[in-house]
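# Structural description and commentary
Chain by chain, the residues:
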Amino acid sequence: MLVLVVNAGSSSLKSQLIETDGKLCLMKCLAQKVGTPEASMSVAFSPEFQKVKYNVAGFTVEQCLAKLLDVLVEDPESPIGSLDQIDAIGNRVVAGGEYFTRATLIDDEARGHLAEIEELAPLHNPVADQCIDLLREAMPNTPQVAVFDTAFHQTMPPKAYMYPLPMRYYNDYHIRRYGAHGTSHRYAAQQAANLLRRSLRDLGLITCHLGNGGSITAVNHGKSIDTTMGFTPLEGLMMGTRSGSIDPAIITYIMRKEGKTFDEMDHILNNESGILGITNESSDMRDVLESADAGDEEAELAIDMYVYRVQKAIGSYYAAMTRTDAVVMTAGIGENSARLRERIFEGLAHMGMILDKQRNDVEGAIGVNRIISIDDSPIKICVVTTDEEVRIARETDNLVSQL
Ligand code: ADP
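Below is a short write-up of the structure.

Cut-off values and rules
Residues numbered from 1 in each chain as written. Predicted model: local features only at pLDDT ≥ 70, side-chain atom pairs only at ≥ 80, totals over all residues. Heavy atoms only, no water. Pairing = 2+ DSSP bridges. Helix = DSSP H or I, 4+ residues; strand = E, 2+ residues; numbered from the N terminus. Contact = heavy atoms within 4.5 Å. Axes fitted to C-alpha atoms, helices over the stretch in contact; angles between N-to-C directions. Phe/Tyr/Trp six-rings, centres within 6.5 Å; stacked < 30°, edge-to-face > 60°. Buried < 20%, exposed > 50% of the residue type's maximum accessible area, 1.4 Å probe, protein only. Lys NZ or Arg CZ within 6 Å of the ring centre and 35° of its normal. Near = heavy atom within 4 Å. Polar contact = N/O pair within 3.5 Å; in protein donor to acceptor, adjacent residues only side chain to side chain. Areas by Shrake-Rupley, 256 points an atom, 1.4 Å probe, with all protein chains shown as cover. 1 Å grid on protein atoms, 1.4 Å probe; cavity = no way out; pocket = protein on both sides within 12 Å on 5 of 7 lines; lining within 4 Å. Points joined across faces, edges and corners; volume = space filled by probe spheres on them. Nonpolar A, V, L, I, M, F, W, Y, C, P; charged D, E, K, R; others polar. Parallel < 35°, antiparallel > 145°, perpendicular 65-115°, else oblique. Left-handed = near helix turned anticlockwise from the far one by under 90°. Expected span 1.5 Å × (residues − 1).

## So, the sheet that holds strand S12 (residues 326–330)
- The six strands are arranged S11-S10-S9-S12-S14-S13 in an open sheet whose pairing can be described as mixed. Each edge of the open sheet is held by one strand with a lone partner, namely strand S11 (223–227) and strand S13 (370–371).
- Bridge count between strand S10 (residues 214–220) and S11: four bridges; the pairing is antiparallel. Along S11, the bridge assignment pairs Thr-217 with Thr-227.
- The strands touched by helix H6 (residues 182–196) are strand S9 (204–210), S10, S12, S13 and strand S14 (380–383); relative to S9, the strand with the most contacts, the crossing angle is about 125°.

## Re the packing of aromatic side chains
- Overall, the coordinates contain five aromatic pairs when judged by the stated rule.
- Judged by centre distance (4.5 Å) and plane angle (20°), the ring pair of Phe-100 and Phe-148 falls under stacked. Of this pair, Phe-100 sits in the loop between strand S6 (88–93) and strand S7 (104–105) while Phe-148 sits in strand S8 (residues 144–148), placing them 48 residues apart in sequence. The pair formed by Phe-100 and Phe-148 is uniform in burial state, with each residue classed as buried.
- Members of the aromatic cluster, connected to one another through ring pairs, are Tyr-99, Phe-100 and Phe-148.
- Over the ring of Phe-49 we find Lys-28, and its NZ or CZ is 5.7 Å from the ring centre.

## Points about the site of the ligand
- Surrounding the ligand, one finds Gly-211, Asn-212, Gly-213, Asp-284, Met-285, Arg-286, Leu-289, Ala-331, Gly-332, Ile-333, Asn-336 and Ser-337.
- Taking Asn-212, its side chain carries an N or O atom lying 3.1 Å from an oxygen atom of the ligand.
- Note that an oxygen atom of the ligand is positioned 3.1 Å from one of the backbone N or O atoms of Arg-286.
- Notes on the ligand: free accessible area 580 Å², of which the protein chains cover 70%.
- Listing elements by their share of the shell around the ligand, those giving two or more residues are helix H10 (285–293) and helix H12 (331–336).
- Per-element tally for the shell around the ligand: the top contributor is H12, with four residues.

## What about the layout of surface pockets?
- Space inside the second largest pocket adds up to approximately 420 Å³.
- Counting only elements with at least two residues in the lining of the second largest pocket, the list comes to H6, S11 and helix H15 (388–401).
- Among the elements that line the lining of the second largest pocket, the one with the most residues is H6, at six residues.
- For the lining of the second largest pocket, the per-class residue count stands at four nonpolar, ten polar and six charged.

## A look at the pairing of S14
- Here S12 runs beside S14; their pairing, made up of four bridges, is parallel. In the strand pairing of S14, Val-328 is matched with Cys-382.
- Looking at chain direction, S13 and S14 are connected through two bridges and run antiparallel. Along S14, the bridge assignment pairs Ile-371 with Cys-382.

## Observations concerning the packing of H10 against helix H11 (residues 297–320)
- Axis separation between H10 and H11 bottoms out at 8 Å; the angle between their running directions is 125°. By the angle between their directions, the pair H10 and H11 is classed as oblique. Taken as a pair, H10 and H11 cross one another with a handedness that is left-handed. Here Met-285, Val-288, Leu-289, Ser-291 and Ala-292 of H10 lie close against H11, whose contacting residues are Ala-299, Glu-300, Ala-302, Ile-303 and Tyr-306.

## Here we look at the environment of Leu-195
- Along the chain, the position of Leu-195 falls in helix H6.
- When its relative accessible area of 23% is taken as the criterion, Leu-195 is described as partly exposed.
- Discounting chain neighbours no more than four positions away, the residues touching Leu-195 are Asn-369, Arg-370, Ile-371, Cys-382, Val-383 and Val-384.

## Considering the sheet that holds strand S3 (residues 24–32)
- If you trace the eight strands from one edge of the open sheet to the other, you get S5-S4-S3-S2-S1-S6-S8-S7, paired in mixed fashion. Each having just a single partner strand, strand S5 (52–54) and S7 make up the two edges of the open sheet.
- Across two bridges, S7 lies against S8 in antiparallel orientation. Each bridged residue has a counterpart across the sheet, and for Thr-104 the counterpart in S8 is Ala-146.
- On the sheet, helix H3 (residues 125–138) packs against strand S1 (2–8), S6 and S8 and is oriented at approximately 165° with respect to S6.

## Let's talk about the environment of Ala-121
- Here Ala-121 is to be found in the loop between helix H2 (108–116) and H3.
- Residues Ala-121 and Ser-10, spaced 111 residues apart in sequence, show a C-alpha to C-alpha distance of 9.9 Å.
- Those residues in contact with Ala-121 that sit more than four places away from it in its chain are Val-94, Ala-95 and Pro-126.

## Examining the environment of Glu-109
- Take Glu-109: it is sitting in helix H2.
- When the C-alpha positions of Glu-109 and Leu-203 are compared, they lie 36 Å apart, and in sequence the two are 94 residues distant.

## A word on H15
- In a regular helix each residue adds 1.5 Å, so 14 residues correspond to 20 Å; H15 covers 20 Å between its end C-alpha atoms and thus fits that length.
- Along H15, the residues that are buried comprise Glu-389, Arg-391, Ile-392, Ala-393, Glu-395, Thr-396, Asp-397 and Val-400.
- Summarising the contacts, the buried residues of H15 are in contact with S1, strand S2 (13–19), S6, S8 and H6.

Written out as structure tokens, the structure is:
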């Protein structure tokens, strides 16, 4: 099945054309800094993937998507000559609220519900909805699916998703924990089950998506029962530029002390904190590891804090589950940094998560799903690779194939 995957962000557009039968990517598009003077969009086709840049200054994300559709039809390198050759469209939608508990075919009814939950992710959902509308108009006969970051976590029990706030905030504004990175956690759990040659239903897994953003999920018998992100993706772990969980009283304290506005405070917590906040240099773990090697104390502190918070989250989910068979590492840091994995699991051996240092650090193993614990580690440690667009294409294929 030929699936066009559309991942529209607040100021970015990622898209791929994926042939799901052969797991082939035929086109990659990336538009960044959309809406700013530095906006750029590149499109590349297989097999060479030579990027061609397009001028998108002054465009909205939706207009970038319209441009991409033109390129897909007109570029001689494109594998398609007409949009009719695309079998299905898979859209990433950040927030699905309580209504969307799984990937959903977008008909008029679903589109109506999408409009109702836009305010749950005001920077992301409205943009995704506009892209969906554009595609419904441009390709009215092609089935469209919405794949939600939150859907996998809709199995969390109330004790995990409720905040101890006055009940009216849940009743009036649906303030509760929704989690995020759901497609990644679901995919990582399934890949780990394949590695362990066991059914996902029989396993207790702790999946760790450690990238720029990061979250950890307790997956009990295939279902998410708790996750570190909450009402928004700001809760939980320390991240590249996000603070993760802090004492909420700090927010009002700083606002009073420095006369910050709500928007300024949002910016501090989402864009100026986390690894960047501590190092004052970079949000990128590779840079921070390099600085720490050169003796930078703040970089070392940032790594220490990062590792400690990941360890505590893994420990708390060990307590939350009825069994723990494996811890699964994925995304930029989880997949690629043997060093960080070593630091994390150094502190967890007493819980029965025993890393095999050699397996952890095999050169050339990056990109290969594998087990990196010692043979008789009571709890296995797995590394699995993730590709958001491929996961969305698969979920779309699964749903559309059933039509
Ligand atoms: P995003 O959330 O933007 O998709 P990624 O999953 O690509 O992010 O993860 C980006 C993070 O992964 C960055 O902090 C980057 O430094 C880190 N990373 C990637 N490769 C390595 C590596 N070899 N060692 C340490 N960190 C790495």
